[in-house]
Amino acid sequence: MNKVEIIKNNISRKLKSNFGKTVKTATSEQIYKACALCIRDDIVDEWMEANTKVKTQGLKRLYYMSAEFLMGRALVNNMINMHLKEDYAAALKDFGFTLENIEEQESDAGLGNGGLGRLAACFLDSLATLDLPATGCGIRYEYGLFKQRILDGEQVEMEDDWIGDGYVWEIQDPEEQVEVRFGGDIEEKWEENGLNIIHKNYYKVFAIPCDIPVVGYESKMPATLRLWSARAEKNLDLNYFNRGEYIRSMQEKELSEVISKVLYPEDNHEQGRQLRLKQFYFFTSATIQSIIKQHKATYGDVHTLPDYVVIQINDTHPAIAIPEMMRVLIDEERLSWEESYEITSKVFNYTNHTIMSEALERWPEQMFEKLLPRIYRIIKTINGRFCDMLWNKYPGEWDKISRMSIIAYDEIRMANLCVAVCNKVNGVSMLHADILKTKVFRDFYVTFPQKFLGITNGITHRRWLAKANPLLTDLIKDYIGDGFIKDYRELSRLKEYVDDSRFLEEFAAIKKANKKRLAEYLYKKQGVVLNENAIFDVQAKRLHEYKRQLLKVVQILHIYNKILEKPDKNWTPCSFLFAAKASPGYTKAKNIIRLINAVAALVNNDPKTKDIIQVVFIENYGVSTAEILIPAAEISEQISTAGREASGTGNMKFMLNGAITLGTMDGANIEIYDAVGPNNIFIFGASIDDINCMEKFNSYKPGEIFEKNESLRNALTRLIDGTLPVSHDRQFSDIYQSLLFEDYDKSDKYYLLYDFSSYNEAFSNAIEKYNQKDEWNKIAAINTASAGIFSSDRSIEEYNKFIWNLRPLK
Ligand code: 26Q
């Protein structure tokens, strides 16, 4: 039998054994599940074998701890990585289905907010592809990031029930459950064997591991994504039940299991909520306990832990894993404080993802102590010893020491805990690493310069090129072979062809086809008709003031005004596509979404502009929508205020797919600029030095710019003059006010007015270039050909060289 026939047989068998169906009677969803189960079978053998070999070869393993993993769909990605896509597509075709239709049956695993969660997912793909032993550790949220709809021009959130009646890729193992303890009191008792810590009156929650294999490309070492699910100690409290208090008898179960119920939708913003702290302790405690148990079972002695285990924590969310490891080593393994601290410091490393003060995690001491009394004491001791050390080093320098202290003003500062204890601390782009050293952690950098480094983020070019853009992938294969899928360095060989007119024509035809694919998708999903002849200018990312979706909107209003002035000029048609979720509690962000939709209603319906410009808000941006949207983009909007976007990773995905960046010198945009050269990117706006200077001298006066710039004034006036079609006469005066008249030195915090004119100029340059078709295509191709270094394979190689020292499986 050939491969396709074998696959068809396997699918039929799964349909029968799991659903009692045949190909004729099964639903598309059942066919999807049957395919997934077949592929899972193929993976599991290899996965088990690899995990055994990690032990027999005595290999070190990375534990990548993260509160978020934004995985998206797995089916086709796994097929590509296992070279099964063509065979499955053929098998499904014989059955009368298309792979596209079957693929759509899978829900996205959307267990993350944005960049940080997607980075974790890309890293697992690269770790597996490079055969490095790795486990991602997180929470199995029953509900992922909310689903977004736009109703009456506004964001409406809906629950994301991604698991439905079961997630086919996971394997749950209740036998491996771990007990996690909250609350209670701590008693210290000196006995003949030394100090004993007794934890009383706590309540326990069980953590059940659910393991998901992450298959790499042509790899023998699938990574494991271990997500913990909360389970109550008992389903029913019979004490209450027997007294007839039925509701109360079930309450405790509800309260325990709420821990892994839902992902918090705040991105780059922290709001000390107790349940969130519970989530963090829940998954970090379960992870640390199981790591230590595993290590002892394999190697017998906890002292050798740093030889076999390295932990990377994805921002501070998993930081309580640090004191948790101290707790297990001291209280349970009975090591001394010094030994425990040495092991812990060797094992942990910390990645910072944000410099915005509102995103730095802090917890009120009181709340923390009540929920985690033992962990609180350990942090107190870590801090006491740390401050003593600082005091010896910097006698009398109170200010410095209080800035560096882990506990101050009744708060626990998780970032300081991480920097004080961890072996390495890294930023996520060159600029960001520099800001960490010179600003956010300046005192720490002076004290421990050897801890700090920068590793620029990356994206897996398997998902973001091979999966998302099969047409472009095939074209590249035709010219340089398929080696680039495993080795990102080979992508640069494409540079040889950026002057080849046949190549450029094919390249351009593929962009056109991808625009068409997006247009069909949007028509089907939202009933929107895209102008496929217009330039596709895309801004897709979380909605945040610092990302400046508002700058784009103000520019569109400006263009609208200009078209009304000269309707007969030869305008280049432009479709402005936005995709963004706003945190449900972030009022201003939701208001900006309402504004985008109001501007869309205005320009799309005005007979003078509707054939020239179009504004479309794409609902429910997530991994799967990104896979369709990004390959269709021609201009990539990366317009954050300089110094605010730690790195950005969407910028890399667009570049890889041949979109040209229109952006500020911020985050990894700077490195994109270096990679493509000044003629292949459109840069505008204040530099970080300009901003630092304005901040230092408090010299930024948005009002003065407003006075001087008439077209800016005219664009902004549209927010309040009744032009915009809004329901209940809700204009946008809040937004208008916040740019101009708020507290004298708080208005326009993100320098929107400052950057407005240079943004317009850069945009006009881009449009002018677009009209020189050959030049544009060449620039686009140069962007794709230069994107290799933004593969997460490169990032992972750097992490491994400078931090982890893992050996690949043989
Ligand atoms: C923390 C505590 C309480 C509530 C929420 C949070 C929280 C949640 C998510 C804080 C931050 C985040 C997410 C941050 C994030 O995604 N940062 C992005 O990380 C990317 C990967 O490094 C970078 O490319 C982006 O520049 C950065 O914004």
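Read on for an overview of the structure. All values derive from a computational prediction rather than experimental measurement. (Residues numbered from 1 in each chain as written. Predicted model: local features only at pLDDT ≥ 70, side-chain atom pairs only at ≥ 80, totals over all residues. Heavy atoms only, no water.)

A few points about the packing of aromatic side chains
The geometry of an aromatic ring pair is captured by two quantities: the separation of the ring centres and the angle between the planes. In the structure shown here, the tally under the stated rule is 25 aromatic pairs. Between the aromatic rings of Trp162 and Tyr167, the centroid separation amounts to 4.8 Å while the plane-to-plane angle is 65°, which identifies the pairing as edge-to-face. An identical accessibility class is assigned to Trp162 and Tyr167; each is buried. Ring centres of Tyr770 and Trp776 lie 5.1 Å apart, and the angle between their planes is 80°; on these two criteria the pair is classed as edge-to-face. These aromatic residues form a ring-pair network of at least three members: Tyr350, Phe386, Phe441, Phe444, Tyr445, Phe448 and Phe452. Between Lys451 and the ring centre of Phe448, over which it is positioned, the NZ or CZ distance is 4.5 Å. Its end group placed over the ring of Tyr770, Lys773 keeps NZ or CZ at 3.9 Å from the ring centre. (Phe/Tyr/Trp six-rings, centres within 6.5 Å; stacked < 30°, edge-to-face > 60°. Buried < 20%, exposed > 50% of the residue type's maximum accessible area, 1.4 Å probe, protein only. Lys NZ or Arg CZ within 6 Å of the ring centre and 35° of its normal.)

A few points about the side chain of Thr661
Within the fold, Thr661 resides in strand β24 (residues 660–663). Of the residues examined, Thr661 reaches a relative accessible area of 0% and is grouped as buried. Beyond its immediate sequence surroundings of up to four residues, Thr661 is in contact with Ser636, Gln638, Ile672, Ile681 and Phe682. (Helix = DSSP H or I, 4+ residues; strand = E, 2+ residues; numbered from the N terminus. Contact = heavy atoms within 4.5 Å.)

Here's the deal with the pattern of salt bridges
All told, the structure shown has 52 salt bridges when counted by the stated rule. Notably, a salt bridge pairs Lys33 with Asp165, separated by 2.6 Å at the nearest N-O pair. With Lys33 in helix α2 (residues 28–56) and Asp165 in the loop between β6 (154–158) and β7 (171–172), this residue pair connects regions lying 132 residues apart in the sequence. Under the relative-accessibility criterion, Lys33 is labelled buried at 10%. Note that Glu634 is salt-bridged to Lys515, the shortest N-O span being 3.0 Å. Of this pair, Glu634 sits in the loop between α24 (623–629) and β23 (635–638) while Lys515 sits in helix α21 (residues 501–526), placing them 119 residues apart in sequence. Of the two residues, Glu634 and Lys515, neither departs from the other in class, the shared state being buried. (Salt bridge = Lys/Arg side-chain N within 4 Å of Asp/Glu carboxyl O.)

Let's talk about unusual backbone geometry
For Tyr409, which is not glycine, the phi dihedral falls at a positive 50°. Here Tyr409 is to be found in the loop between β16 (407–408) and β17 (411–413). Phi angles above zero are rare outside glycine, and Asn698 is one such case at about 50°. Assignment of secondary structure puts Asn698 in the loop between α27 (688–697) and α28 (702–708).

A word on the sheet that holds β16
Ordered by their spatial adjacency, three strands build an open sheet running β15-β17-β16, and the pairing between neighbours is antiparallel. The two strands at the open ends of the sheet, each matched to only one other strand, are β15 (362–364) and β16. Bridging between β15 and β17 involves three bridges; their strand directions are antiparallel. Within the sheet, the bridge partner assigned to Trp363 lies in β17 and is Ile412. (Pairing = 2+ DSSP bridges.)

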